[in-house]
2 protein chains.
Amino acid sequence: MKKAIGPKNSLYPLPVVLVGALVNGTPNYAPIAHVGILDFGSVSLGMGKIHFTNAGIKENKTFSLNFPSVDLVKQTDYCGLVSGMHVDKSRLFEAFFGSLDTAPMIRECPMTMECRLVRTIDFPKHDIFVGEVVQTYCDEEVLTDGEVDYAKIRPILFTMSGHGYWKLGERFATAWEVGKELK
Amino acid sequence: MKKAIGPKNSLYPLPVVLVGALVNGTPNYAPIAHVGILDFGSVSLGMGKIHFTNAGIKENKTFSLNFPSVDLVKQTDYCGLVSGMHVDKSRLFEAFFGSLDTAPMIRECPMTMECRLVRTIDFPKHDIFVGEVVQTYCDEEVLTDGEVDYAKIRPILFTMSGHGYWKLGERFATAWEVGKELK
C-alpha cells in the first residue's frame, strides 16, 4: 500500500559540490546539492537568490564545481553555515584557475569542473544557472585507466530528509549490461 | 598536480529513476540518470530526443519519477536496452495512478513522484523537461518517523565512467551541523 506524503521533492541523494566564483574579485564557495545534468556537456545549479555567490556568477559568467571528498565534510559544511558577505572563505582552500581565468577551483578537491555560464533561468526564489563544462581537472590518484573512479573520489552525497551526508557504497553492476539477461 | 582530462561532465553519481509516461495510452518507462533538482518543488530531466517516452510527456504534460531499489536493477537496466517503440514495457511492472491520471507509477518501486510538466527547454539533442512535484508516494517500510529513509529505499546510483551502478553507502554526518566546530 502506497502512502501519499505530500509533494516532497525526494530526488536524492545528490552529490554535494562546492560552487566556486569570484565575488568582488575574491574566491567564494557555496556547498550546493541542488544540481543536475541537462545534457552531456551541461550542468544545472539551483541556487537560492539569497546566496552571495550568485552575483559573482552573473558578473563573470563563469563558475566552478568542486567535488569534495568525505575528508572535507567539515570545511564543506562550514561553507554553508556562513555567508561570503561576512566571512572570507578564500582562506579555507588553495585556489587555482584554468583557461576561463575567473572560475576559482579548489586544489584540495580531487576533481573540479570549470564551467561557462550559458543561460540563467529565473525561478521565483532561485537562479537556475546552466553551465557548459569547459574543462575537468583531477588528481592523478582518482583516475583508474584514465577514467574518473568515484570509489577513489569518495564524494559526499546529500539527502534533504534527515539532512544527511552519505558515502558512496559499492559498485554492484554495469549499466547497459546487467539487464541483457531479460532480453 | 591536477591533470586536465578534457571537458568531461563528471557530475556523478546521480540517482537512476524510471521515468514513466503514457505513450499512445500505454505506460512506458525509461531509466534516466540525467536528472536534477532546480528548486524545492521542481526537478529536471535531460532526455535525448530519440527517446520514445518524450512524446508521451509532451502530449499529457505529466510524467512520473520512480525510484527503483537495487533489487530492481535488472528490470531497470532492461528498460534502457529496449525501446517502447518495439517492446511493451507496461508488462514489466504494475502501474498505479494518482490525481494527474496520466502519470503511470510503478508499484514495485518503494518511492515515486508524480509530476506536472511546467516547462520544456529545447537543447540541440535533448528535451529538458521541468516538472513540478505534485505528490510523492512511498511504501510505509521506507519511512522512518514519517520521513523518507534512503537507507531503506536502497536507490541505484549511476556514474557514466565505467557505466557503473552503485549502492548508497553509510550516512556519516549531518548537514548544517558537522561544520559548526570550524566556526
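Residues numbered from 1 in each chain as written. Chains lettered and ligands numbered in written order. Predicted model: local features only at pLDDT ≥ 70, side-chain atom pairs only at ≥ 80, totals over all residues. Heavy atoms only, no water.

A.B. asks: Explain helix H2 (residues 73-81) of chain B to me, and be specific about the residues and the numbers.
C.D. replies: Among all positions of H2(B), only Val73(B), Thr76(B), Asp77(B), Tyr78(B) and Cys79(B) are buried. Buried residues belonging to H2(B) abut strand S15 (164-174) of chain A together with strand S3 (17-23), strand S4 (26-32) and strand S15 (164-174) of chain B. (Buried < 20%, exposed > 50% of the residue type's maximum accessible area, 1.4 Å probe, protein only. Helix = DSSP H or I, 4+ residues; strand = E, 2+ residues; numbered from the N terminus. Contact = heavy atoms within 4.5 Å.)

A.B. asks: Break down unusual backbone geometry for me, with residues and values.
C.D. replies: Tyr12(A) connects to Pro13(A) through a cis peptide bond whose omega is -5 degrees. Relative to the helices and strands, Pro13(A) resides in the loop between strand S1 (2-4) and strand S2 (14-15). A positive phi angle is found at Asp101(B), which is not glycine, with a value near 75 degrees. Take Asp101(B): it is sitting in the loop between strand S8 (95-96) and strand S9 (105-106). Given the relative accessible area of 56%, Asp101(B) is considered exposed.

A.B. asks: A description of the sheet that holds S2(A) should follow, citing residues and the corresponding values.
C.D. replies: Read from one edge to the other, the open sheet built from 6 strands follows the order S2(A)-S14(A)-S15(A)-S15(B)-S14(B)-S2(B), with strand pairing classed as antiparallel. Of all the strands in the sheet, the pair left with one neighbour each is S2 of chain A together with strand S2 (14-15) of chain B. (Pairing = 2+ DSSP bridges.)

A.B. asks: Describe the relation of the copies chain B and chain A, listing the residues and the values that go with them.
C.D. replies: Structural alignment of chain B on chain A gives an RMSD of 0.0 Å, achieved by rotating through 180 degrees and translating 0.0 Å along the axis. What the superposition gives is, in effect, a two-fold axis relating one chain to the other. In this assembly the copies share their binding face: 100% of the residues contributing to the interface of chain B also contribute to that of chain A. (Least-squares fit on C-alpha atoms with pLDDT ≥ 70 in both.)

A.B. asks: Report on the pairing of strand S5 (residues 35-39) of chain B, specifying residues and quantitative values.
C.D. replies: Residue and element names in this part refer to chain B. Of all 5 residues making up S5, 5 are buried, and the element is well covered by its neighbours. Bridge count for S5 against strand S6 (residues 42-48) is 4 bridges, and the pairing is antiparallel. Bridging from a neighbouring strand, Ile 37 pairs with Val 43 of S6.

A.B. asks: Before we move on, could you go through the interface of chain B and chain A and cite the residues and values that matter?
C.D. replies: Taken together, the contact pairs 96 residues of chain B with 96 residues of chain A. Linking chain B with chain A are 6 salt bridges, by the criterion used here. Between Glu181(B) and Lys74(A) there is a salt bridge, with the nearest N and O atoms lying 3.1 Å from each other. Linking chain B to chain A there are 52 residue pairs in polar contact (both at pLDDT 80 or more). With 11 residues, S15(B) is the largest single contributor of residues to the side of chain B that touches chain A. Counted by class, the side of chain B that touches chain A contains 54 nonpolar, 22 polar and 20 charged residues. Inspection of the sheet shows S15(A) paired to S15(B) by 7 bridges, in the antiparallel sense. Paired with Trp166(A) across the bridge in S15(B) is Arg171(B). (Salt bridge = Lys/Arg side-chain N within 4 Å of Asp/Glu carboxyl O. Polar contact = N/O pair within 3.5 Å; in protein donor to acceptor, adjacent residues only side chain to side chain. Nonpolar A, V, L, I, M, F, W, Y, C, P; charged D, E, K, R; others polar.)

A.B. asks: Let's hear about the side chain of Asp149(A): which residues, and what values?
C.D. replies: As for its placement among the helices and strands, Asp149(A) is situated in the loop between strand S13 (147-148) and helix H3 (150-153). The charged side chain of Asp149(A) is buried without a salt bridge, its nearest counter-charge being Lys152(A) at 4.3 Å. Looking at Asp149(A), its side chain comes within polar contact range of the side chain of Thr144(A), at 2.7 Å. Apart from the residues lying within four places of it in its own chain, the contact partners of Asp149(A) are Val142(A), Thr144(A) and Trp166(B). (Lys, Arg positive; Asp, Glu negative; His and termini not counted.)

A.B. asks: How would you sum up helix H1 (residues 53-60) of chain B? Please name residues and give values.
C.D. replies: The α-helix advances 3.6 residues per turn, and as a result positions three or four apart in sequence lie on the same side. All names here are of chain B. Taken residue by residue, H1 has Thr 53, Asn 54, Gly 56 and Ile 57 as its buried positions. Down the axis of H1, the buried side of the element spans an arc of 165 degrees, and every buried residue falls inside it. Where H1 is buried, its residues meet S3, S4, S6, strand S7 (62-67), strand S10 (111-122) and strand S11 (126-139). Of the residues trailing H1, Lys 61 is marked for its positive phi of about 60 degrees. (Arc of directions from axis to C-beta.)

A.B. asks: Tell me about the environment of Phe63(A), residues and numbers included.
C.D. replies: Residues and elements named next belong to chain A. Within the secondary structure layout, Phe 63 lies in strand S7 (residues 62-67). Accessibility expressed as a relative area gives 0% for Phe 63, which makes it buried. It is 9.4 Å that separates the C-alpha atoms of Phe 63 and Thr 53, two residues lying 10 residues apart in sequence.

A.B. asks: Explain the side chain of Thr102(A) residue by residue, including any values.
C.D. replies: Residues and elements named next belong to chain A. Along the chain, Thr 102 falls in the loop between strand S8 (95-96) and strand S9 (105-106). At 2.7 Å, the side chain of Thr 102 forms a polar contact with the side chain of Thr 62. Among all residues touching Thr 102, those that are not within four sequence positions of it are Leu 22, Asn 60, Thr 62 and Phe 97.

A.B. asks: Outline the nonpolar core, supporting the account with residue identities and numerical values.
C.D. replies: In terms of nonpolar packing, the biggest core is built from 86 residues, with Phe63(A), Leu65(A), Phe63(B) and Leu65(B) touching the most fellow members. Among all residues touching Leu65(B), those that are not within four sequence positions of it are Leu11(A), Val17(B), Leu18(B), Val19(B), Val43(B), Leu45(B), Met111(B), Thr112(B), Met113(B) and Cys115(B). Core analysis: the second largest hydrophobic core is formed by 10 residues, Val130(A), Phe123(B), Ile128(B) and Val130(B) among them. (Core = buried A, V, L, I, M, F, W, Y, C linked by side-chain atoms within 4.5 Å.)

A.B. asks: Tell me what's going on with the environment of Tyr137(B), and back it up with residues and numbers.
C.D. replies: Following the sequence through the fold, Tyr137(B) ends up in strand S11. Separated by 120 residues in sequence, Tyr137(B) and Val17(B) place their C-alpha atoms 14 Å apart. Those residues in contact with Tyr137(B) that sit more than four places away from it in its chain are Lys2(A), Lys3(A), Ala4(A), Phe96(B), Gly98(B), Ser99(B), Met105(B), Pro110(B), Met111(B), Thr112(B) and Glu114(B). Polar contacts involving the side chain of Tyr137(B) include one to the side chain of Glu114(B), which spans 3.1 Å.

A.B. asks: Report on the packing of aromatic side chains, specifying residues and quantitative values.
C.D. replies: Residue and element names in this part refer to chain B. Counted under the stated rule, the structure contains 12 aromatic pairs over all chains. Measuring from centroid to centroid gives 5.5 Å for Phe 96 and Tyr 137, while their planes differ by 85 degrees, and the two rings are edge-to-face. On the criterion of sequence distance, the pair formed by Phe 96 in strand S8 and Tyr 137 in strand S11 is long-range, its members being 41 residues apart. Seen in terms of ring centroids, Phe 158 and Tyr 165 are 6.3 Å apart; in terms of plane orientation they differ by 55 degrees. Their pairing is tilted. A residue is classified by how much of its surface remains accessible, and Phe 158, at 5% relative accessible area, is buried. Given a relative accessible area of 5%, Tyr 165 falls into the buried group. (Phe/Tyr/Trp six-rings, centres within 6.5 Å; stacked < 30°, edge-to-face > 60°.)

As far as function goes, none of this settles anything; it's purely spatial.
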